[in-house]
Amino acid sequence: MRGIFFEEDHARAAALALVQAGFAAEVVRERLAGEDDDEDHPWAVLTDAPEIQLEMLVETYDGWLDPDDPAPPPVRPTILPPLPGRPRGTGD
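Residues numbered from 1 in each chain as written. Predicted model: local features only at pLDDT ≥ 70, side-chain atom pairs only at ≥ 80, totals over all residues. Heavy atoms only, no water.

A. The arrangement of the overall build of the chain in detail. Across its full length, the chain carries two helices and four strands. Going from N to C terminus, the chain has its helices and strands arranged as β-α-β-β-α-β. Relative to its full complement of 92 residues, the chain shows a buried share of 22%. Of all intrachain contacts in the chain linking residues separated by at least 6 positions in sequence, the fraction that spans at least 24 positions is 59%. Looking at the chain as shown, the accessible area adds up to about 7,100 Å², and 54% of this sits on carbon and sulfur atoms. (Helix = DSSP H or I, 4+ residues; strand = E, 2+ residues; numbered from the N terminus. Buried < 20%, exposed > 50% of the residue type's maximum accessible area, 1.4 Å probe, protein only. Contact = heavy atoms within 4.5 Å. Areas by Shrake-Rupley, 256 points an atom, 1.4 Å probe, with all protein chains shown as cover.)

Shown next, in the form of structure tokens:
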């Protein structure tokens, strides 16, 4: 689970609150597609805390939640009927 914050101070305060509550939390710079200037990148707090706990912090500091992407559903193979041994209409 990741919380995204625009201000480094907000990200560090959120991470500190999570650590004090007994969860792992790490602050990293988030790179968004199309952003070239490092100063424009927001800050991410990576944590194992429950979603509700991180959600309260991102609301407090005007950030947003970025949940881990769930695994895509498994692809079921398409089962086709067997092909005939010879073309149809050729007669027996």
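Back to the text.
B. Structural view of helix α2 (residues 51–60). For α2, the complete set of buried residues consists of L54, L57 and V58. Taken down its axis, α2 places every buried residue within 100 degrees of arc, on the same side. Along α2, exposed side chains directed more than 90 degrees from the buried face belong to I52, M56, E59 and T60. Next to the buried residues of α2 lie β1 (2–5), α1 (8–20), β3 (43–47) and β4 (64–66). (Arc of directions from axis to C-beta.)

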